[in-house]
Amino acid sequence: MTSPAHTLVLGGTGKTGRRVVRRLTGRGHTVRIGSRSGGIPFDWDDSTTWQPALVGVDAVYVSYQPDLAVPDAPEAIGAFAELAVRTGARRLVLLSGRGEPEAEACEKALAASGAEWTVLRASFFAQNFSEGDFLGPVLDGELELPVGDVEEPFIDADDIAEVAATVLAEGGHTGRTYDLTGPRLLTFAQATAEIGTAIGREIGYVTVPAEAYAAGLAAHGVPADVTDLLTYLFTHVLDGRNAHLGDGVRQVLGRPARDFTDYVAETATTGVWTPGATS
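As the structure is a prediction and not an experimental result, all values here were calculated from the model. The numbering scheme is per chain: residues are counted from 1 as the chain's sequence reads. Reporting in this predicted model follows two pLDDT cut-offs: at least 70 for local features of residues, and 80 or more for side-chain atom pairs to be given and counted; totals over whole chains, interfaces and linings ignore these cut-offs and use all residues. Side-chain metrics rest on all non-hydrogen atoms present in the structure, leaving aside hydrogens and water.

(A) How the structure looks around the overall build of the protein chain. The helix and strand labels rest on DSSP assignments: H or I over at least four residues marks a helix, E over at least two residues marks a strand, and numbering proceeds from the N terminus. A count of helices and strands for the protein chain gives 12 helices and 8 strands. Put simply, the radius of gyration uses C-alpha atoms, and a globule should come to 2.2 Å times the residue count raised to 0.38. Relative to its length of 279 residues, the protein chain is compact, with a C-alpha radius of gyration of 19 Å against a globular reference of 19 Å. Counting only C-alpha atoms and orienting by the principal axes, one finds that the protein chain spans roughly 55 × 40 × 35 Å. Throughout, a contact is declared for two residues whenever any of their heavy atoms are within 4.5 Å. The contacts of the protein chain with a sequence gap of at least 6 include a subset with a gap of at least 24, amounting to 77%. When charges are counted, Lys and Arg are positive and Asp and Glu negative, with His and the chain ends excluded. Lys charges are placed at NZ, Arg charges at CZ, Asp charges at CG and Glu charges at CD. Positive and negative side-chain charges in the protein chain, numbering 21 and 37 respectively, have mean positions lying 9 Å apart.

(B) Fine view of the packing of aromatic side chains. Any two rings among Phe, Tyr and Trp, with Trp reduced to its six-membered ring, count as a pair given centres within 6.5 Å; such a pair is stacked if its planes are under 30 degrees apart, edge-to-face if over 60, and tilted if neither. Inspection of every chain in the model, using the stated rule, returns 23 aromatic pairs. Considering the side-chain rings of F124 and F134, the 5.8 Å spacing of their centres and the 15 degrees angle between planes classify their relative orientation as stacked. With a gap of 10 residues between them, F124 in the loop between β5 (116-122) and α5 (128-131) and F134 in the loop between α5 and α6 (135-140) connect regions that are remote in the sequence. Here F124 matches F134 in class, with each residue buried. Three exposure classes are used, based on accessible area relative to the maximum for each residue type with a 1.4 Å probe and protein chains only: buried under 20%, partly exposed in between, and exposed over 50%.

(C) Just the packing of helix α1 (residues 17-26) against helix α7 (residues 157-169), in detail. Axis definition: a line fitted to C-alpha atoms, limited for helices to the stretch in contact. Angles are taken between N-to-C directions and run from 0 to 180 degrees. Put simply, α1 and α7 touch, their axes get as near as 8 Å, and they point 50 degrees apart. Classified by the angle their axes make, α1 and α7 are oblique. You can see that α1 and α7 cross each other, and the crossing is right-handed. Counting all contacts with α1, which are made through R19, V20, R22, R23 and L24, the residues of α7 involved are A157, D158, A161, E162, A164, A165, L168 and A169. Relative orientations are named as follows: roughly parallel for angles under 35 degrees, roughly antiparallel for angles over 145 degrees, roughly perpendicular for angles from 65 to 115 degrees, and oblique for any other angle. In this scheme, a crossing is called left-handed if the near helix is turned counterclockwise away from the far one by less than a right angle; it is called right-handed if the turn is clockwise.

(D) View of the nonpolar core. W44, V60, V62, I77 and F80 are the most contacted members of the largest nonpolar core, which totals 34 residues. Mapped by element, the contributors of at least two residues to this core are β1 (6-10), α2 (50-54), β3 (59-62), α3 (73-87), β4 (91-97), α4 (101-111), β5 and α10 (224-237). Aside from chain neighbours lying at most four places away, what touches W44 is L10, W50, V62, S63, Y64, Q65, A76, I77 and F80. Remark: nonpolar core denotes a set of buried residues (Ala, Val, Leu, Ile, Met, Phe, Trp, Tyr, Cys) joined through side-chain atoms within 4.5 Å. Counting residues in each nonpolar core, the second largest holds 28 residues, with F129, V150, I195 and L217 among its members.

(E) Layout of α1. Taken together, the buried positions of α1 are occupied by G17, R19, V20, V21 and L24. Residues of α1 that are buried sit in contact with β1, β2 (30-34), β3, α5 and α7. Looking at the residues trailing α1, positive phi occurs at G28, about 90 degrees.

(F) Fine view of α7. Spanning 13 residues, α7 covers 18 Å between terminal C-alpha atoms, matching the ideal 18 Å at 1.5 Å per step. A large share of α7 lies buried, amounting to 11 of its 13 residues. Polar contact is the term for a pair of N or O atoms within 3.5 Å; when the atoms are in protein, one must be able to donate a hydrogen and the other to accept it, and sequence-neighboring residues count only if both atoms are side-chain atoms. Between the side-chain oxygen at the start of α7 and the backbone nitrogen of D158 there is a gap of 2.8 Å, and the oxygen is on D156. A helix's residues, less one, multiplied by 1.5 Å, set its expected span.

(G) A look at the pattern of salt bridges. Should a side-chain nitrogen of Lys or Arg be within 4 Å of a carboxyl oxygen of Asp or Glu, the pair is scored as a salt bridge. Applying the stated criterion across every chain, the model contains 19 salt bridges. For R90, the salt bridge goes to E116, with nearest N and O atoms at 3.9 Å. One end of the pair, R90, is in the loop between α3 and β4; the other, E116, is in strand β5, with 26 residues separating them in the sequence. Judged by its relative accessible area of 35%, R90 is partly exposed. The class of E116 is partly exposed, set by a relative accessible area of 32%. Note that E266 and R258 form a salt bridge whose closest N and O atoms lie 2.6 Å from each other.

Set out below in structure tokens:
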């Protein structure tokens, strides 16, 4: 009887990472959480933490922070992937983005390492409305972004995690790039309206100029580099280039991706969108 696979999940406390951890442990895999606060700390900004985290690891879920669009990301991904292969962790699964040239450069760096690689190109997370920066504005009743009537196929983070866990645990996915999206296109205004309907109060959506959005972030103390990154993502990646559906969830799992309406209905029952409530 073989011992359980040992998998390193980078960003193992984040939106997708903690969900990947839960699914892998449910399959009987031994999982190491890669984070700055982990038992064996991992920090993308400190390469001396990489090798200790890789010892005894067979596979890695690669989630890069803060985003694959930052200038040093391809170099870091490439260096980490090469080290992982030398250390013995040949199966690498990269969480990537759709329509991002910078993310594609990271994908190429991963492949160049000689790893048994798989790329998961995910659309905008549905959970950003309940676990991310949008939660505060939703609770306040109005979300402002520099995005107009552009449609996005929001994907449930649970679908990403299930795909990632399956690819990490099973063979047959080497050299594949999966386009992970929800089953339906929605504008941000339509998404916030669905949330409002589910919780019984109006959630407004306002399109603002990029300059005003950046100024608002700066006024709230958001660092300049983060402000620049967010503004870039909302004005370039969400410019319509990704307004189409992918079939990666069905390809890997044999079922359709979860609809945004189902995510909203389930999340509404947790009370996270109820002002003053604790989840």
